[in-house]
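# Notes for the structure review
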Protein chains: 6
Amino acid sequence: MLPRQWLPLIQMALEEDIGQGDLTTLATIPPDARGRFEFVARQPLVVCGLDAVELTYQILDPAVRVTRLIPDGTRAEKGARLARIEGPAASLLSGERVALNFVQHLSAIATITRQVVELVADLPVTVLDTRKTTPGWRPMEKYAVRVGGAKNHRYGLSDAILIKDNHIAAAGGIGPALERVRQTVGPTVVIEIEVDRLEQIPEALAGRPHGILLDNMDLESMRQAVAMIHPHAWVEASGGIRPETVRAVAETGVDFVSLGYLTHSAPAVDIGADWAD
Amino acid sequence: MLPRQWLPLIQMALEEDIGQGDLTTLATIPPDARGRFEFVARQPLVVCGLDAVELTYQILDPAVRVTRLIPDGTRAEKGARLARIEGPAASLLSGERVALNFVQHLSAIATITRQVVELVADLPVTVLDTRKTTPGWRPMEKYAVRVGGAKNHRYGLSDAILIKDNHIAAAGGIGPALERVRQTVGPTVVIEIEVDRLEQIPEALAGRPHGILLDNMDLESMRQAVAMIHPHAWVEASGGIRPETVRAVAETGVDFVSLGYLTHSAPAVDIGADWAD
Amino acid sequence: MLPRQWLPLIQMALEEDIGQGDLTTLATIPPDARGRFEFVARQPLVVCGLDAVELTYQILDPAVRVTRLIPDGTRAEKGARLARIEGPAASLLSGERVALNFVQHLSAIATITRQVVELVADLPVTVLDTRKTTPGWRPMEKYAVRVGGAKNHRYGLSDAILIKDNHIAAAGGIGPALERVRQTVGPTVVIEIEVDRLEQIPEALAGRPHGILLDNMDLESMRQAVAMIHPHAWVEASGGIRPETVRAVAETGVDFVSLGYLTHSAPAVDIGADWAD
Amino acid sequence: MLPRQWLPLIQMALEEDIGQGDLTTLATIPPDARGRFEFVARQPLVVCGLDAVELTYQILDPAVRVTRLIPDGTRAEKGARLARIEGPAASLLSGERVALNFVQHLSAIATITRQVVELVADLPVTVLDTRKTTPGWRPMEKYAVRVGGAKNHRYGLSDAILIKDNHIAAAGGIGPALERVRQTVGPTVVIEIEVDRLEQIPEALAGRPHGILLDNMDLESMRQAVAMIHPHAWVEASGGIRPETVRAVAETGVDFVSLGYLTHSAPAVDIGADWAD
Amino acid sequence: MLPRQWLPLIQMALEEDIGQGDLTTLATIPPDARGRFEFVARQPLVVCGLDAVELTYQILDPAVRVTRLIPDGTRAEKGARLARIEGPAASLLSGERVALNFVQHLSAIATITRQVVELVADLPVTVLDTRKTTPGWRPMEKYAVRVGGAKNHRYGLSDAILIKDNHIAAAGGIGPALERVRQTVGPTVVIEIEVDRLEQIPEALAGRPHGILLDNMDLESMRQAVAMIHPHAWVEASGGIRPETVRAVAETGVDFVSLGYLTHSAPAVDIGADWAD
Amino acid sequence: MLPRQWLPLIQMALEEDIGQGDLTTLATIPPDARGRFEFVARQPLVVCGLDAVELTYQILDPAVRVTRLIPDGTRAEKGARLARIEGPAASLLSGERVALNFVQHLSAIATITRQVVELVADLPVTVLDTRKTTPGWRPMEKYAVRVGGAKNHRYGLSDAILIKDNHIAAAGGIGPALERVRQTVGPTVVIEIEVDRLEQIPEALAGRPHGILLDNMDLESMRQAVAMIHPHAWVEASGGIRPETVRAVAETGVDFVSLGYLTHSAPAVDIGADWAD
């Protein structure tokens with residue numbers, strides 16, 4: 001079952017690239033010409049997003065066949081062949097750039113996520129993403145994070161509670177904010193509250209949230225926060241964490257570290273299309 | 001006149017983030033509470049995308065007012081205030097992340113573009129983007145490139161001809177490819193052809209294209225190519241050009257340098273929301 | 001901030017009713033005629049859905065003004081005036097049936113929900129809805145349940161885990177199912193598991209779910225289940241519960257009772273439009 | 001030829017239920033697991049809506065096969081098997097609730113319609129529906145009414161004329177209203193006018209409508225109205241008619257009885273999914 | 001109340017013309033420049049479609065103001081000013097061609113319709129359109145026909161019955177076809193049957209249709225047909241009728257003449273935009 | 001690869017014609033009846049648009065098979081069979097009118113285009129279309145023009161520059177207008193400027209546009225303009241050119257003649273559906 005939630009963005013990508021038709025291909029490629037190419041890793045990477053390649057060509061021309069040569073989540077070396085695409089040459093050419101743009105961006109996220117996960121693999125911590133995703137890409141980028149080996153924080157504003165400073169201020173304090181939330185949502189909604197000072201923790205715990213987010217705290221404060229919070233709630237560290245700082249944060253004993261970096265700063269990876277002669 | 005072409009992606013971004021409603025805000029923010037915050041540069045950058053902020057809130061709640069404090073394309077120092085957003089507090093909070101995600105990504109592209117443009121500002125060369133854009137974002141990213149001071153290569157496959165090696169092979173050579181293109185398109189379509197060896201240039205010129213793209217050539221070959229091509233056509237250099245290599249390429253005398261780097265590798269910039277007390 | 005999530009269904013409702021235009025109104029109502037009518041309760045009810053009235057007329061004709069006379073969630077007696085609608089007479093007439101159809105259906109759900117909630121108001125139990133909603137209406141019907149005083153179970157399949165017998169069977173047992181779920185989702189997702197026999201409870205508890213759903217158990221079994229489960233997880237009773245049986249179920253000590261009845265069997269309520277002379 | 005008009009609502013229903021993916025199924029069901037279940041009547045009913053089951057799974061996963069075991073419109077006893085659904089187990093589970101929600105609602109309407117039709121089967125009267133349908137569901141509910149054995153009143157405001165009291169008042173009387181309508185529409189539009197007093201009938205007949213609707217009249221007035229109107233036009237009785245009153249109304253000699261009850265008050269019917277071991 | 005049914009086509013027209021932006025206007029028109037122009041008839045015509053002008057600019061830029069100088073349906077002489085459009089100069093220029101394309105096409109239809117109607121104005125006949133409309137344009141073209149003074153035949157396949165030869169053949173004859181139709185549809189659907197030979201008329205009349213369509217009959221046959229059919233049903237003549245033949249057909253005594261010519265062959269009319277100095 | 005860009009209009013056309021279902025066909029055609037018909041030219045024409053026939057039936061019912069009997073662009077004599085359509089009889093009938101409406105309109109444009117092209121076939125001139133297309137139809141009509149043997153002028157406002165008098169006035173003259181355009185667009189955008197007087201040509205040439213459009217000039221002026229402009233730019237003649245005047249214009253030596261006539265005034269051609277017995 002292909003991820004139908006990805007279709008709107010793929011449709012949009014094809015429309016913006018192909019517009020009223022691929023003039024060059026229409027002029028130069030005979031309608032009955034067939035072709036074949038392979039997507040090849042031009043550098044080591046964790047492959048992700050071959051479903052997007054398949055969906056791109058499903059929309060463009062059902063006569064194109066996409067064969068995965070490697071499953072999503074696999075570490076591929078430079079030169080590794082990721083997928084084979086074959087069919088009408090005109091369709092292949094018209095969709096190549098869009099398909100590559102998808103798989104490169106998603107593989108970039110999976111690759112950096114895998115690196116971050118491995119940096120803390122021996123610690124009892126789970127790496128999470130954030131809502132700092134590329135607009136329009138959330139279902140895809142959250143998937144790439146999972147493929148990379150991390151887990152997803154909430155998908156968006158409607159599937160979990162995260163009480164931040166503005167909510168606390170408007171509600172009149174941590175206690176009232178947690179109380180109002182608890183009166184509103186049912187048992188299937190997780191409640192997390194953000195604190196940036198240790199003094200806030202006792203009041204937060206009194207409201208019995210599932211978890212507490214430590215926002216931009218220094219390492220020593222995080223350590224103390226963990227001691228105060230466990231085992232009453234789980235602890236998440238967030239705020240400006242990068243690959244080079246994630247291990248130190250993880251060593252404070254927090255249960256979760258979340259990084260916007262995974263989705264807004266993943267270094268581009270290079271994937272090319274090699275045509276069969 | 002706001003760019004209506006941006007609406008579908010902004011709509012999609014709001015839907016994916018807000019889903020069935022911002023549970024935290026619904027529970028904690030009184031419906032009649034009002035608020036105000038400003039977007040502030042947390043680092044030096046070239047600001048871009050304030051129209052996206054305005055459109056985000058137009059869709060979400062027309063009662064929100066967005067005031068630009070600085071025009072797109074301006075270089076902002078760390079701490080510079082970019083825009084003020086005020087209105088119903090619940091609406092402000094629900095749209096904050098989406099609006100920030102847009103303006104950060106677009107400012108990142110404008111910022112790196114400006115840096116690249118300045119690296120070659122004293123040379124008779126024009127910096128261009130490519131079709132290696134984030135799927136779904138082409139109208140926005142092409143705009144950010146212009147805001148950064150570069151120019152756009154073709155928007156997509158339907159507004160200009162770019163004959164690549166696969167087209168040449170399928171058409172039976174450079175000459176036949178140019179001939180077929182010329183028979184197909186009218187006078188409002190620019191014709192460019194890609195070559196990767198100097199030997200291809202005479203045949204290319206014989207087909208009288210508007211421009212010739214030098215694909216991944218070394219610097220010395222580029223210099224020779226320019227000498228062969230001028231003044232019969234303009235010359236574009238492309239393929240793996242990065243900020244650290246752009247000047248050397250430009251010094252070969254090419255008319256245009258195009259960089260996928262501008263749109264797929266722009267380093268993230270940090271913009272925050274400061275709430276009024 | 002009106003609920004924009006309701007717009008697609010309201011748009012669809014207007015299109016299916018008005019089609020290519022209201023022939024009768026076009027023929028008989030002068031374009032410049034103005035009018036006014038009020039929605040009036042023809043029986044006691046809990047009013048719900050006036051936002052849908054406002055959105056209906058916003059789409060149809062922005063010149064129509066809708067004034068709420070009573071807030072959603074209020075108990076209205078027979079004859080109570082709920083909202084006043086005034087503006088171009090042709091627009092009023094063309095939208096009347098759609099607006100009434102919305103507010104009647106939503107008020108029906110709020111009304112029965114309120115009745116069920118009051119039947120168990122003195123017990124430490126919370127009434128919940130289910131996913132047995134009218135297709136296309138989930139955001140609206142979930143809202144009507146809240147307006148009626150109950151809380152929402154999960155919105156859909158992507159915002160919480162509910163492991164049912166088929167999932168258990170496919171995963172190879174309760175333990176493996178809970179283990180696989182725990183490895184997949186992050187900390188913001190609540191995990192609930194369904195059991196239909198007391199013997200399943202120890203294994204379920206060993207997997208540390210947030211809650212356990214008792215599916216179609218008899219009252220005595222529910223009582224025993226509560227004793228086994230508390231305080232390790234919360235307990236939900238579900239399966240064929242109706243207004244006449246809800247109290248007995250609640251008295252078993254379960255934390256939550258969920259009723260598909262609220263959304264698929266709410267008795268219709270009658271609301272009429274009284275035109276001003 | 002499946003009813004493509006149903007697709008938008010089915011698409012909407014899947015989106016609202018599945019959202020960003022069925023978390024439980026993704027975590028517990030192996031991608032290559034296959035399954036099979038049957039929809040089974042848990043009570044006597046008239047089956048309706050199996051096309052919606054097929055369309056639901058066509059959208060979700062074309063690899064699922066739906067086999068009707070009984071045609072729409074058939075009376076099914078408790079325990080009767082209605083359809084078999086087989087294919088990838090994950091897809092089956094993810095679509096089960098939506099498919100059931102559709103077929104239960106449509107079968108409920110077909111079932112009550114059949115009962116009403118049979119109550120007056122020996123009389124020269126035809127049972128009709130109204131525009132009091134569930135918003136978004138009109139094409140489906142009108143179909144269910146036909147499957148139940150009744151006929152459809154007009155689909156919406158654009159395919160027939162029904163002049164009500166507000167139109168009469170605005171046009172300056174019954175005569176002018178009919179005159180204006182006749183000047184506007186062509187020969188393919190049926191003209192009906194609503195009266196609530198016997199005194200209005202002569203003027204109505206003078207305008208030569210195809211039919212006259214008696215709105216909320218008592219039985220004796222209906223009898224007299226029929227005598228006045230036949231054979232010059234057909235007669236429809238409407239307004240608050242319920243299964244328990246429909247026969248008395250029909251015995252007055254009217255040609256048509258229309259009941260909003262069929263679509264807004266059909267008692268829920270129970271259909272379950274039995275999985276194959 | 002503007003015709004919202006027209007919006008999808010207008011939206012599509014703007015997208016296809018403006019695409020990613022009006023390059024020329026963006027480059028040459030200062031953002032704060034304002035302008036004004038008037039649509040002027042370059043030949044005598046019946047004006048139609050000014051709502052499309054208003055909707056075009058509403059979508060493009062709400063800051064543009066459209067003032068009708070003449071109502072739809074008015075006969076305008078050469079040089080007559082039809083509407084004034086003023087606002088941001090860039091928006092005016094970007095929408096001019098689309099707005100003109102709409103109003104020219106609709107005025108062309110209204111103009112030829114008016115001419116045809118006047119050719120038979122003294123006869124007891126009504127001019128009708130057909131379903132031979134420009135795909136995508138039916139709501140607009142049906143409106144233009146009414147503005148021109150004719151009436152609409154059915155809007156499409158779902159709002160009236162028209163039994164043609166293929167239906168007759170499949171149903172096993174005229175009688176069975178009419179019988180099956182009568183068993184299927186309710187009282188709000190008009191039934192018309194097409195005949196092409198006089199011998200078919202008695203069987204057709206026996207089925208009591210509302211009307212009979214004479215398909216491509218010669219004038220003498222039409223006369224005889226009218227004599228056979230009146231007063232049992234109304235009579236429509238159709239099939240290749242043109243302005244030069246319409247009067248002869250009308251004189252046969254038929255009640256209706258329908259012409260595809262009105263919508264598929266209306267001669268273009270010329271409307272220009274005169275800019276204020 | 002069928003032209004997916006045509007789908008939205010075809011979808012719209014089917015919705016407007018079929019609406020809630022083809023009542024006549026539903027009532028008279030047995031669900032299992034199969035049929036076959038052929039589209040036949042009722043007059044000589046250049047066939048165009050068979051892809052639209054195929055797409056129409058793909059949307060309506062994938063069980064219908066469309067076989068082209070003649071390729072687009074072929075000159076067909078009266079009686080020539082263009083395509084065969086076979087499958088479920090109900091689907092064939094429901095889609096027949098829409099499919100015919102498409103292929104007639106597109107063939108009309110291809111036919112008149114071919115005639116115009118042949119009128120100037122021995123001259124070194126190329127026939128072009130304009131933006132005076134039927135709103136919603138641009139991708140189809142531009143295709144029909146190509147099928148007819150002419151070439152396309154720019155697709156819309158975003159793929160080429162055409163500077164008209166209003167742009168010149170706003171920019172402060174021909175020179176400044178060309179300068180601003182050149183500073184804005186990249187090398188893939190063709191620049192054309194419109195002049196209506198010979199005196200404007202020197203300043204226009206100084207700005208080095210790719211082409212110059214002569215707007216509504218008399219023949220003698222055109223001849224002089226060509227002499228002034230060649231070989232510095234290409235020359236297009238435009239403005240009110242019709243089949244009867246195109247040759248004289250072409251003989252002035254212009255490179256291109258563009259005619260709105262091709263798309264807004266193509267005389268209707270007649271294509272019928274012949275059913276197999």
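Scroll up to find the structure this text is about.
Residues numbered from 1 in each chain as written. Chains lettered and ligands numbered in written order. Predicted model: local features only at pLDDT ≥ 70, side-chain atom pairs only at ≥ 80, totals over all residues. Heavy atoms only, no water.

Moving on, we come to unusual backbone geometry. Residues and elements named next belong to chain C. Following His230, the chain continues to Pro231 via a peptide bond in cis, the omega torsion being 0°. Within the secondary structure, Pro231 sits in the loop between helix 9 (219-229) and strand 10 (234-238). Phi at Asn216 takes a positive value of approximately 55°, unusual for a residue other than glycine. (Helix = DSSP H or I, 4+ residues; strand = E, 2+ residues; numbered from the N terminus.)

Time to look at the environment of Arg68 of chain E. Residues and elements named next belong to chain E. Mapped onto the elements, Arg68 comes out in strand 3 (residues 65-68). Arg68 gets classed as partly exposed once you look at its relative accessible area, which sits at 33%. Residues Arg68 and Arg84 lie 16 residues apart in sequence; the distance between their C-alpha atoms is 6.5 Å. At 2.4 Å, the side chain of Arg68 forms a polar contact with the side chain of Glu54. (Buried < 20%, exposed > 50% of the residue type's maximum accessible area, 1.4 Å probe, protein only. Polar contact = N/O pair within 3.5 Å; in protein donor to acceptor, adjacent residues only side chain to side chain.)

Here we take up the relation of the copies chain F and chain B. Once chain F is rotated about the relating axis by 180° and shifted along it by 0.0 Å, it coincides with chain B to within an RMSD of 0.0 Å. On this basis, the relationship between the two copies can be described by a two-fold rotation axis. By C-alpha distance to the rotation axis, the residue of chain F lying nearest is Asp159 of chain F, at 2.6 Å. Of the interface residues in chain F, 95% have counterparts in chain B that sit at the interface too, so the contact is made through matching surfaces. (Least-squares fit on C-alpha atoms with pLDDT ≥ 70 in both. Contact = heavy atoms within 4.5 Å.)

As enumerated under the stated definition, the model contains 30 aromatic pairs over all chains in all. With 5.2 Å between their ring centres and 40° between their planes, Phe102 of chain B and Trp137 of chain B make a pair best called tilted. Taken together, the residues span a long stretch of sequence, with Phe102 of chain B in helix 4 (residues 89-119) and Trp137 of chain B in the loop between strand 6 (126-128) and helix 5 (138-148) at a distance of 35 residues. Owing to a relative accessible area of 0%, Trp137 of chain B belongs among the buried residues under this scheme. Grouped by ring-pair contacts, the aromatic residues Phe37, Phe39 and Trp275 of chain A constitute a single cluster. (Phe/Tyr/Trp six-rings, centres within 6.5 Å; stacked < 30°, edge-to-face > 60°.)

On to the interface of chain F and chain B, then. Many descriptions give the size of an interface as the accessible area lost when the pieces come together. Listed by partner, the interface residues are 20 residues for chain F and 19 residues for chain B. When chain F packs against chain B, the two sides together hide about 1,400 Å² of surface, and 63% of this comes from carbon and sulfur. Its largest share of buried area at the contact with chain B, chain F owes to Lys151, Pro187 and Thr188 of chain F, together 45% of the area lost on that side. Applying the counting criterion to the chain F and chain B interface returns zero salt bridges. At the junction of chain F with chain B, the criterion picks out eight residue pairs in polar contact (both at pLDDT 80 or more). Residue contributions to the side of chain F that touches chain B peak at three residues, all from helix 7 (residues 174-184) of chain F. Tallied by class, residues from the side of chain F that touches chain B come to eight nonpolar, seven polar and five charged. (Buried area = accessible area lost by both parts, 1.4 Å probe. Salt bridge = Lys/Arg side-chain N within 4 Å of Asp/Glu carboxyl O. Nonpolar A, V, L, I, M, F, W, Y, C, P; charged D, E, K, R; others polar.)

The next point concerns the environment of Gly260 of chain A. Among the structural elements, Gly260 of chain A can be located in the loop between strand 11 (256-258) and helix 11 (261-264). In this structure, Gly260 of chain A is in contact with Thr130 and Lys132 of chain A, ignoring residues within four places of it in sequence.

Along the polypeptide, Arg138 of chain C turns up in helix 5 (residues 138-148). Polar contacts involving the side chain of Arg138 of chain C include one to the main-chain carbonyl oxygen of Arg131 of chain C, which spans 2.9 Å. Separated by 2.4 Å, the side chains of Arg138 of chain C and Asp17 of chain D make a polar contact. Non-local contacts of Arg138 of chain C, meaning those with residues more than four positions away in its chain, are made with Arg131, Thr133, Tyr155 and Gly156 of chain C together with Glu16, Asp17 and Asn101 of chain D.

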